[in-house]
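Residues per chain, in single letters:
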Amino acid sequence: MPIRTASARWQGNLPEGSGTIRTGKGGLQGNYSFKSRFEEGEGTNPEELIGAAHAGCFSMAFSKALADAGTTPTSVETTAKVHLDKTDAGFTVTRIELDTVGEVPGIDEAQFAKLAETAKQNCPISRLLSPGAEITLTARLTS
């Protein structure tokens, strides 16, 4: 398997500085700052990138689980809400809420929910993050 890379460059002090984040092949690049991370400023932040990675990984894992069960999805769309909280140890990602909606012909709600939970447990990014952060899942089936 290839090794994936990303890079970041920060200039200046924490509250007034700024930086850029870039994935290895240049597919994603964004500016970030104190305001984009800890307030509501323009740009991205590490937590959004973690959320994007988690949503992408889960959607792929869930699509595979659905197809393996004989119900190939038309689509799976996932949003990840990453909670960055101040704890006694400092700022910490404490919780990630996955919210997924699937359009999957020929499946019932119970099987859909079961496969979604399995995908949450088996997604490599979930496995990476779950020892330190609580991961919740809401899964809805659309017709």
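All of the points below concern the structure found in this document. For clarity, every value in this text was computed on a predicted model and none was experimentally measured.

**Some points on the packing of aromatic side chains**
How two aromatic rings sit relative to each other is set out by the distance from centre to centre and by the angle between their planes.
Next up, step 1: In total, this model carries 5 aromatic pairs according to the counting rule given.
Next up, step 2: Ring plane angle 35 degrees and centroid distance 5.5 Å describe the contact between Phe58 and Phe62, whose orientation is recorded as tilted. Of the two residues, Phe58 and Phe62 both sit in helix 2 (residues 46-68), 4 residues apart, roughly one turn of that helix.
Next up, step 3: We classify Phe58 as buried; its relative accessible area is 0%.

**Looking at the environment of Arg140**
Next up, step 1: Counting through the fold element by element, Arg140 comes out in strand 6 (residues 134-142).
Next up, step 2: Taking C-alpha positions, Arg140 is 17 Å from Ala69, a pair spaced 71 residues apart along the chain.
Next up, step 3: Contact partners of Arg140, with chain neighbours within four places excluded, come to Asp99, Thr100, Val101, Gly102 and Phe112.
Next up, step 4: Within the structure, the side chain of Arg140 is placed 2.4 Å from the side chain of Asp99, a separation counted as a polar contact.

**Focus on the sheet that holds strand 5 (residues 90-103)**
Next up, step 1: Strand order in the open sheet formed by 3 strands is 4-5-6, and the pairing between neighbours is mixed. Among the strands making up the open sheet, the edge pair consists of strand 4 (75-87) and strand 6. Within this sheet the neighbouring strands show an average axis-to-axis angle of 15 degrees, counted without direction.
Next up, step 2: For strand 5 and strand 6, the ladder comprises 9 bridges, and the chain directions are parallel. Counterpart to Val101 in the pairing with strand 6 is Arg140.
Next up, step 3: Packed onto the sheet, helix 2 meets strand 4, strand 5 and strand 6 and runs at close to 145 degrees relative to strand 4.
Next up, step 4: Contacting strand 5 and strand 6, helix 3 (residues 109-122) crosses the sheet at an angle of about 150 degrees to strand 6.

**So, the sheet that holds strand 1 (residues 6-11)**
Next up, step 1: Spatial ordering of the open sheet is given by 1-2-3, a layout of 3 strands whose pairing is antiparallel. The sheet is open, and its two borders are formed by strand 1 and strand 3 (29-33), each paired with just one other strand. Across this sheet, the average inter-strand angle for adjacent strands is 20 degrees, counted without regard to direction.
Next up, step 2: Looking at chain direction, strand 2 (residues 18-23) and strand 3 are connected through 5 bridges and run antiparallel. Residue pairing in the sheet places Ser18 in a bridge with Ser33 of strand 3.

**Concerning the pattern of salt bridges**
Next up, step 1: The final tally for this structure, using the stated rule, is 5 salt bridges.
Next up, step 2: Measuring nitrogen to oxygen at the nearest pair gives 2.7 Å for the salt bridge that ties Glu97 to Arg95.
Next up, step 3: Classification of Glu97 by relative accessible area gives partly exposed; the value is 24%.
Next up, step 4: On the basis of relative accessible area, Arg95 is assigned to the partly exposed category, the value being 29%.

Conventions adopted
All chains use their own residue numbering, which begins from 1 and follows the written sequence. Reporting of local features is limited, given that this is a predicted model, to residues whose pLDDT is at least 70; pairs of side-chain atoms are given and counted only at 80 or more, and all residues count toward the totals for whole chains, interfaces and linings. Remark: hydrogens and water are excluded; side-chain values derive from all non-hydrogen atoms of the structure. The rule is short: rings of Phe, Tyr and Trp, with Trp giving its six-membered ring, pair when the centres are within 6.5 Å, and they are stacked under 30 degrees, edge-to-face over 60, tilted in between. We count a stretch as a helix when DSSP gives it H or I for four or more residues in a row; a strand needs E for two or more, and each element gets its number in order from the N terminus. Throughout, exposure labels follow a simple rule: accessible area from a 1.4 Å probe, protein chains only, divided by the maximum for the residue type, with under 20% read as buried, over 50% as exposed, and the rest as partly exposed. Contact definition: two residues touch when any of their heavy atoms are within 4.5 Å. Definition of a polar contact: a pair of N or O atoms within 3.5 Å, with one able to donate and the other able to accept a hydrogen when the atoms are protein atoms, and with sequence-neighbouring residues admitted only if both atoms are side-chain atoms. Any two strands are treated as partners once DSSP identifies two or more bridges connecting them. Where helices are involved, their axes are fitted lines through C-alpha atoms of the stretch in contact, as for all axes, and angles between N-to-C directions lie from 0 to 180°. Any Lys or Arg side-chain nitrogen located within 4 Å of an Asp or Glu carboxyl oxygen qualifies as a salt bridge.

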